[in-house]
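Here's the letter readout for the chains.
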Amino acid sequence: MLHNLKHSYSGYLLEDFKQSFHFTSKLLNSDLITMDELDETQLKNHVDSLKQQLKFNREKTSVSIPELIKWTEEKMNEDPFLNPDILKDNPWVESSKCVIT
Amino acid sequence: MGEMEQMKKEAEALKTQIEAARKAVHDTDMASAAAGVAPAPQVQLKTRKTLKGHLAKIYAMHWSTDNRLMVSASQDGKLLIWDSHSGNKVNAVPLKSSWVMTCAYAPSGNLVASGGLDNMCTVYNLKTPVIKTVKELDAHTGYLSCARFLSDTEILTSSGDTTCALWDLETGKQKTVFLNHVGDCMCLSLSPDMNSFVSGACDSLAKLWDVRDGQCKQTFQGHTSDINAISFIPSGNAIITGSDDCTCKMYDIRADQEVICYQDAALNSGVTSLALSTSGRLIFAGYDDFNCNIWDSLKGEKVGVLSGHDNRVSCTGVPEDGMCVCTGSWDSFLKIWN
């Protein structure tokens, strides 16, 4: 899979900086590393990692998603963007009382 | 068959098994599970403050845990510490390298950090009579894309060299190096309990890591381009990612898979940054098209837009108390909205 730096945000950042900075990182102008480019040790680590990741005990979405929803809904009352009462005391809006010091 | 070929085949087989394991637990999705949830109201925010002071593009900002101060980093070669209430600049930290890509505020408020194309993470003490550089963390072989303090003695970094690292700020050395990505690491987010973190990279993957043992626990796929922004939701059970593929996604950590995608046919700009409201219900996502779109995280609908910047929104941040959202832009301004 080719990684075209020029059309990515990181590409814009880097193009922006490139004008006066000499890159030393070999990765910046190259394609993504594919499995073909990993050496033997890296490939072995990659396989070992996948074995570990496979072992992860996955929860059913019918359990995890409703719990996620419940947690969010319970917190909405304390969310200043969703409970206008909280923003009645808005630090960025001057209150009607003016204090001359 | 050579050993390398054998291992590659094994890797492919394991990936297939992981996909099968995900499918096996996929007995509902967010759209179905949230069908009964009332949509979030349309969110219309006003710019309460425009912070003017940087002389060039802003690349990063980070709130202090006091909900008032914040640090911003610009190509003008400065970190500015702002009092967001008054709009005043409290401190200016000149940088050795103006090619800065990230900045961070320590939870204590004592330290800030910056880094970028110098491949280093520099840590500054704000509390000494004159701001001092306390450490230059120098071991990455690629640009520093993101840094986050765990405390005054530990910091996490992500780098264009495809690794992330946990540093000891007393010795200035890497304690743990996180190896698994095959593309530049662009962003990271610490879990609320600080035992794990997630990273997003140019390999279009997000990875969950154990801070202490250095292992990659889970890999989240689905994006088709670089992941530029990432954040845990406040409960710690899911993450939100933003990508150059113009979408944001929520990945459920416990189910180990994508559960909803935030996209719009009319949106064809990459996502540069994101931040969440305190309940996690709202996602503030900054895009290349100069806007920040507000998404209802449960229903997947756009519920608002923050328009006002004259260039790319490069960073967004919501303070811990959730009282506002800050956007920073290549137009050199920061805006506070609520």
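Note that the structure is predicted; figures quoted are calculated from it, not measured.

A short note on the interface of chain A and chain B
Counting residues at the interface gives 63 residues for chain A and 94 residues for chain B. A combined buried area of about 6,600 Å² lies between chain A and chain B, and 68% of that area is made up of carbon and sulfur atoms. The salt bridge partner of B:E10 is A:K51, with a shortest N-O separation of 3.3 Å. Between chain A and chain B we count 15 residue pairs in polar contact (both at pLDDT 80 or more) in total. Listed by contribution, the elements that provide at least two residues to the side of chain A that touches chain B are α1 (9–18), α2 (40–55) and α3 (61–75) of chain A. By residue class, the composition of the side of chain A that touches chain B is 33 nonpolar, 15 polar and 15 charged.

Some details on the packing of aromatic side chains
Within this structure, the stated rule accounts for 8 aromatic pairs over all chains. Taking 4.8 Å as the distance between ring centres and 55° as the angle between the ring planes, the aromatic pair formed by A:F81 and B:F284 counts as tilted. Of the two residues, A:F81 is situated in the segment after α3 and B:F284 in strand β23 (residues 282–287); the pairing between them involves two chains. Each member of the pair, A:F81 as well as B:F284, carries the same accessibility label: buried. Measuring from centroid to centroid gives 5.3 Å for B:F220 and B:Y251, while their planes differ by 40°, and the two rings are tilted. A residue pair is termed long-range when its members are at least 10 positions apart, and B:F220 in strand β17 (residues 216–220) and B:Y251 in strand β20 (residues 248–252) qualify at 31 residues. Classification of B:F220 as buried rests on a relative accessible area of 0%. Taking relative accessible area as the criterion, B:Y251 reaches 0% and is therefore assigned buried. Through a chain of ring-to-ring contacts, the aromatic side chains of B:F178, B:F197 and B:W209 assemble into a single cluster.

Notes on unusual backbone geometry
Residue and element names in this part refer to chain B. Phi at N67 is positive, roughly 65°, even though this residue is not glycine. Relative to the helices and strands, N67 is located in the loop between β2 (58–63) and β3 (69–74). Phi is positive for S204, which is not a glycine, with a value near 65°. Position of S204 relative to the elements: it lies in the loop between β15 (196–201) and β16 (206–210).

Describing helix α1 (residues 3–25) of chain B
The first and last C-alpha atoms of α1(B) sit 33 Å apart over 23 residues, in line with the 33 Å expected at 1.5 Å per residue. Along α1(B), the residues classified as buried are B:M7, B:K8, B:A11, B:L14, B:I18, B:R22 and B:V25. Buried residues in α1(B) make contact with α2 and α3 of chain A together with β17 and β21 (257–262) of chain B.

Some remarks on the UniProt feature "repeat: WD" (unreviewed entry) in chain B
Residues and elements named next belong to chain B. Taking the UniProt record as the reference, the feature "repeat: WD" (unreviewed entry) is found at residues 51–92, 137–177, 178–219, 220–261 and 306–338. The span residues 51–92 is 0% helix and 57% strand, and its two end C-alpha atoms sit 14 Å from each other. Helix makes up 0% of residues 220–261 and strand 55%. Its end C-alpha atoms lie 13 Å apart.

Remarks on α2(A)
The end-to-end C-alpha separation of α2(A) is 23 Å, in line with the 22 Å expected for 16 residues at 1.5 Å each. Burial in α2(A) covers these residues: A:L43, A:H46, A:V47, A:S49, A:L50 and A:Q53. Buried residues of α2(A), viewed axially, fall in a sector of 160°; they line one side. Exposed and oriented more than 90 degrees from the buried face of α2(A) are A:T41 and A:K55. Packed against the buried residues of α2(A) are α1 and β17 of chain B.

Topic: the nonpolar core
What tends to happen in soluble globular proteins is that the nonpolar side chains get buried as a cluster. Counting 24 residues, the largest nonpolar core has B:M30, B:I240, B:C248, B:M250 and B:Y262 as its most contacted members. For this core, the secondary-structure elements that each account for two or more residues are α3 of chain A together with β19 (238–243), β20, β21, β22 (271–276) and β23 of chain B. Look past the residues within four positions of B:I240 in its chain and what remains in contact with it is B:A229, B:I230, B:S231, B:I233, B:C248, B:K249, B:M250, B:Y262, B:L274, B:L276 and B:I283. Of all hydrophobic cores here, the second largest spans 21 residues; its members include B:Y143, B:M186, B:V198 and B:I230.

Quick look at the confidence of the model for chain B
Taken residue by residue, chain B gives an average pLDDT of 97. The fraction at 70 or more is 100%. If you check the scores for this complex, the pTM reads 0.92 and the ipTM reads 0.94.

Some thoughts on the sheet that holds β17(B)
All names here are of chain B. Strand order in the open sheet formed by 4 strands is β14-β15-β16-β17, and the pairing between neighbours is antiparallel. Two strands close off the open sheet at either side, each with one partner strand: β14 (185–190) and β17. Within this sheet the neighbouring strands show an average axis-to-axis angle of 20°, counted without direction. In this structure, β16 lies alongside β17, joined through 4 bridges in antiparallel fashion. Considered in β17, the bridge of W209 is made with C216.

Definitions and limits used
- Residues numbered from 1 in each chain as written.
- Chains lettered and ligands numbered in written order.
- Predicted model: local features only at pLDDT ≥ 70, side-chain atom pairs only at ≥ 80, totals over all residues.
- Heavy atoms only, no water.
- Contact = heavy atoms within 4.5 Å.
- Buried area = accessible area lost by both parts, 1.4 Å probe.
- Salt bridge = Lys/Arg side-chain N within 4 Å of Asp/Glu carboxyl O.
- Polar contact = N/O pair within 3.5 Å; in protein donor to acceptor, adjacent residues only side chain to side chain.
- Helix = DSSP H or I, 4+ residues; strand = E, 2+ residues; numbered from the N terminus.
- Nonpolar A, V, L, I, M, F, W, Y, C, P; charged D, E, K, R; others polar.
- Phe/Tyr/Trp six-rings, centres within 6.5 Å; stacked < 30°, edge-to-face > 60°.
- Buried < 20%, exposed > 50% of the residue type's maximum accessible area, 1.4 Å probe, protein only.
- Expected span 1.5 Å × (residues − 1).
- UniProt positions renumbered as here; feature names shortened; annotations may be inferred.
- Arc of directions from axis to C-beta.
- Core = buried A, V, L, I, M, F, W, Y, C linked by side-chain atoms within 4.5 Å.
- pLDDT = per-residue confidence, 0-100.
- Pairing = 2+ DSSP bridges.
- Axes fitted to C-alpha atoms, helices over the stretch in contact; angles between N-to-C directions.

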